[in-house]
Amino acid sequence: MKILFLTYHGFDPGSGISKKMLAQIKGLRQGGHEVHVCSYDKDAQGHHCRFVDDKVIQDYGPGKWGSLKQRLQMGCIVDYCVREGIEMVYARSFMNASPVLIRLFSALRHHGIRSVTEIPTFPYDQEFESLPLKHKLTLFIDKLFRNRLAAQTDAMVTFSDVKTIFGQRTINISNGVDLDTIPLHQRVDTSNEIHLIAVAEVHPWHGFDRLIHGLGEYYAHHPSPIPHHPPVFFHIVGDVWDSEMNGSRLAPGFAPIIKKYGIEDKVIFHGKLFGQALDDVFIQCAFAVGSLARHRSGITYLKTLKNREYASRGIPFIYSECDSDFDHQPYVMKAPADESPVDVQAIVDFICSYDYDPAAIRQTVEHLSWKNQMQQVVEAVCKL
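Not measured: the values here are computed from a predicted model.

Calculation rules
- Counting restarts for each chain, with residues numbered from 1 along the sequence as it is written.
- The predicted nature of this model means local features are confined to residues of pLDDT at least 70 and side-chain atom pairs, given and counted, to a pLDDT of 80 or more, with totals for whole chains, interfaces and linings taken over all residues.
- Hydrogens and waters are ignored; side-chain quantities use all the structure's heavy atoms.
- Runs of E in the DSSP output that reach at least two residues are strands. Runs of H or I that reach at least four are helices, and both are numbered from the N terminus.
- Each residue gets one of three labels from its accessible area relative to the maximum for its type: buried under 20%, exposed over 50%, partly exposed in between, using a 1.4 Å probe on protein chains only.
- Throughout, a contact is declared for two residues whenever any of their heavy atoms are within 4.5 Å.
- Surface exposure here means Shrake-Rupley accessible area, sampled with a 1.4 Å probe, where a residue is shielded only by the protein chains that are shown.
- Charge counting follows a simple rule: Lys and Arg are positive, Asp and Glu are negative, and His as well as the terminal groups are ignored.
- Positions of charges follow a simple convention, taking NZ of Lys, CZ of Arg, CG of Asp or CD of Glu.
- The distinction between a cavity and a pocket rests on a 1 Å grid over the protein atoms alone: a 1.4 Å probe fits inside a cavity but cannot get out, while a pocket stays open yet meets protein on both sides within 12 Å along at least five of seven lines, and a residue with an atom within 4 Å of a point counts as lining.
- Grid points are joined across faces, edges and corners, and a volume is the space filled by probe spheres set on the points.
- Residue classes follow a fixed rule: Ala, Val, Leu, Ile, Met, Phe, Trp, Tyr, Cys and Pro count as nonpolar, while Asp, Glu, Lys and Arg count as charged, and any other residue, Gly among them, counts as polar.
- Whether two strands pair depends on DSSP finding at least two bridges between them.
- Lines fitted to the C-alpha atoms define the axes, with helices restricted to the stretch that makes contact. Angles between their N-to-C directions range from 0 to 180 degrees.
- Here the arc refers to the directions that run from the helix axis out to each C-beta atom.
- Here a polar contact is taken to be a pair of N or O atoms separated by no more than 3.5 Å, where protein atoms must pair a possible hydrogen donor with a possible acceptor and residues adjacent in sequence count only if both atoms sit in side chains.
- Orient the strands so they point away from the viewer; a crossover is then right-handed if the path from the first strand over the helix to the second runs clockwise.
- Patches here are clusters of residues that have more than 30% relative accessible area and form no salt bridge, with a 9 Å joining cutoff for like charges and a 5 Å cutoff for nonpolar side chains (Val, Leu, Ile, Met, Phe, Trp, Tyr).
- Should a side-chain nitrogen of Lys or Arg be within 4 Å of a carboxyl oxygen of Asp or Glu, the pair is scored as a salt bridge.
- For Phe, Tyr and Trp, where Trp contributes only its six-membered ring, two rings pair if their centres lie within 6.5 Å, and the inter-plane angle classes them as stacked under 30 degrees, edge-to-face over 60, or tilted in between.

1. Quick word on the overall build of the protein chain
Check the secondary structure of the protein chain and you find 13 helices and 15 strands. For the protein chain, the spread of C-alpha atoms along the principal axes amounts to about 70 × 40 × 40 Å. Among the 384 residues that make up the protein chain, the fraction classed as buried is 54%. Taking as baseline every contact in the protein chain between residues at least 6 positions apart, the subset at least 24 positions apart corresponds to 70%. Of the accessible surface of the protein chain, which amounts to about 17,100 Å², a share of 55% is contributed by carbon and sulfur atoms. Across the protein chain, the mean location of the 40 positive side-chain charges is 8 Å away from that of the 44 negative side-chain charges.

Here's what the structure looks like:
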């Protein structure tokens, strides 16, 4: 099938979202499909441009006027699809439903071109509560038009178990993995100390404050290392907003909790790391931390990319949402989906008692390759 993968922004080599999209594109190509990529970015001269495979299909010009035009003029996408014989458009939602997008997908349908839209996280409204007013305005506009936009597509792709989104049927898949790019973890010695790792662009729904709170309680009860109570360190890799460090309406701040318990040397903030620098932190860690507060966003069922990346590395991990791919796995711990501190002693006991094999953990997610997940989308669309 000839497919156009449509995103409403550019690609950032350091972005997890960009890496995911590139892995999805790779997965489609591994399935034998011809895939072209449409994105929006600035060119070397600072002009706002719509690209397909790094070739400009429309130059909107520089400045704010160029930025506005790219939001209002998307006919070039339809023209390209018709001219090049595109059979299906796979679009990744940017929570940006509008009359312009409704016209775009209506035109695609008119020309007999199938289309699906991926909703990365559903529901997502509560994720906007902590964002500035301009983002809340974007959500308001999205709410006005998203049902009409969904009606112009053939289906919505979701990593949840819901059967309809915005009145449109869904194609339910799991977040996939690209095993070629993820090194296999090696077991580490946990007899003297234990290191935990969380990798994320940190938001309230990650709930790392719960782990830090639990770490503080652990040290409050065990101030000196003794057998079965080794020193525990928590490594956070990724951007941490000021609202996460100091607290917000949605979540307690990391800094006040760390100060309260005097564990400044037990919580290590690395910032963004990639490649070997990220691997070097993983090498010393025995356990990973997924999302611990998706309930803050009103989400119960979710198949997060991070859980799959941890499993692909072969490292045990903890999370609090319901994820049908992992809830039954012996290398997983489940935290309650509430605001209680995470029981760090339970993590220590789990690590010390569980004889895990990284290669065996990786084998459990081989069926979750992006090739398999994206092929499910194509096959579902062909049946519609």
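Moving on, there is more to tell.
2. Things to note about empty space enclosed by the protein
Following the criterion strictly, the structure yields 2 cavities of 30 Å³ or more and no others. Considered as a void within the structure, the largest cavity measures approximately 110 Å³ in volume. For the lining of the largest cavity, the secondary structure elements donating two or more residues are strand S6 (114-119) and helix H5 (133-151). Here the residues of the lining of the largest cavity are counted per class, giving 10 nonpolar, 3 polar and 2 charged.

3. Side note on the sheet that holds strand S11 (residues 232-237)
The strands making up a sheet associate through backbone hydrogen bonding, with each pair oriented either parallel or antiparallel. If you walk across this open sheet you meet the 6 strands as S12-S11-S10-S13-S14-S15, and the pairing is parallel. Across the chains shown, the open sheet's two edge strands, defined by having one partner strand only, are strand S12 (267-271) and strand S15 (332-334). On average, adjacent strands in this sheet sit at an angle of 25° to one another, irrespective of strand direction. Summarising the sheet, strand S14 (residues 317-319) and S15 pair through 3 bridges and their orientation is parallel. Of the residues in S15, the one forming a bridge with Phe317 is Val332. Helix H9 (residues 275-283) contacts strand S10 (194-199), S11 and S12 of the sheet and is inclined by roughly 145° relative to S10.

4. Quick look at H9
Of the residues making up H9, those classed as buried are Leu278, Asp279, Val281 and Phe282. In an axial view of H9, the angular spread of the buried residues amounts to 160°, which keeps them on one side of the axis. Exposed residues on H9 whose side chains face more than 90 degrees from its buried face are Gln276 and Ile283. Along its buried surface, H9 packs onto S10, S11, S12 and helix H10 (305-313).

5. Examining the layout of surface pockets
Taken as a whole, the second largest pocket encloses approximately 230 Å³ of empty space. Taken together, Gly10, Phe11, Leu22, Ile25, Arg29, Val37, Ser39, Asp41, Lys42, Phe51, Asp53 and Asp54 make up the lining of the second largest pocket. Elements that contribute at least two residues to the lining of the second largest pocket include exactly helix H1 (16-30) and strand S2 (34-42). Per element, the largest residue contribution to the lining of the second largest pocket is 4 residues, and it comes from S2. Tallied by class, residues from the lining of the second largest pocket come to 5 nonpolar, 2 polar and 5 charged.

6. Here we look at the sheet that holds S6
Reading across from one edge, S4-S3-S2-S1-S5-S6-S7-S9-S8 is the order of the 9 strands in this open sheet, with mixed pairing throughout. Each having just a single partner strand, strand S4 (55-61) and strand S8 (164-165) make up the two edges of the open sheet. The pairing of strand S3 (residues 48-52) with S4 spans 5 bridges and is classified as antiparallel. Within S4, the residue paired with Arg50 across the bridge is Gln58. Relative to the sheet, helix H13 (residues 370-383) contacts strand S1 (2-6), strand S5 (88-92), S6, strand S7 (155-158) and strand S9 (168-172), its axis offset from that of S9 by approximately 140°.

7. Examining the environment of Asp59
Its location among the elements puts Asp59 in strand S4. Distance in space between the C-alpha atoms of Asp59 and Gly176 is 34 Å, their sequence separation being 117 residues. Each residue touching Asp59, except ones within four places of it in the same chain, is listed here: Asp43, His47, His48 and Cys49. Looking at Asp59, its side chain comes within polar contact range of the main-chain nitrogen of Gly61, at 2.8 Å.

8. Describing the pairing of S10
The element S10 is extensively covered by neighbouring structure, given that 6 of its 6 residues are classed as buried. Residues of S10 alternate between two faces, with Ile194, Leu196 and Ala198 on one and His195, Ile197 and Val199 on the opposite face, all of them buried. Between the parallel elements S10 and S11, the chain passes through helix H6 (residues 208-221) in a crossover that is right-handed. Two elements, S10 and strand S13 (residues 287-289), share 2 bridges in a ladder whose sense is parallel. Paired with Ile197 across the strands is Ala288, a residue of S13.

9. Thoughts on a nonpolar patch on the surface
The grouping of Leu137, Phe140, Ile141 and Leu144 at the surface amounts to a nonpolar patch, some 390 Å² of accessible area in total. Locating Leu137 in the fold gives a position in helix H5.

10. Focus on the packing of aromatic side chains
All chains considered together, the criterion is met by 17 aromatic pairs. For the ring pair Phe122 and Phe166, a centre distance of 5.7 Å and an interplane angle of 80° mean the geometry is edge-to-face. Here Phe122, found in the loop between S6 and H5, pairs with Phe166, found in the loop between S8 and S9; they are 44 residues apart in sequence, far enough to count as distant. Its relative accessible area of 18% is what places Phe122 among the buried residues. Here Phe287 and Phe350 contribute two aromatic rings whose centre-to-centre distance is 6.0 Å and whose plane-to-plane angle is 70°, an arrangement assigned as edge-to-face.

11. Observations regarding the pattern of salt bridges
Taken as a whole and judged by the stated rule, the model has 22 salt bridges. One salt bridge connects Asp178 with Lys26, and the closest N-O pair in it is separated by 3.1 Å. Pair noted here: Asp178 is in the loop between S9 and S10 and Lys26 is in helix H1, with a separation of 152 residues, a long-range link. Here Asp178 falls in the buried class, since its relative accessible area comes to 16%. A residue is classified by how much of its surface remains accessible, and Lys26, at 30% relative accessible area, is partly exposed. A salt bridge links Arg109 to Asp154; its shortest N-O distance comes to 4.0 Å. Here Arg109 is found in helix H4 (residues 99-110), whereas its partner Asp154 is found in the loop between H5 and S7, with 45 residues between them in sequence. Given the relative accessible area of 12%, Asp154 is considered buried.

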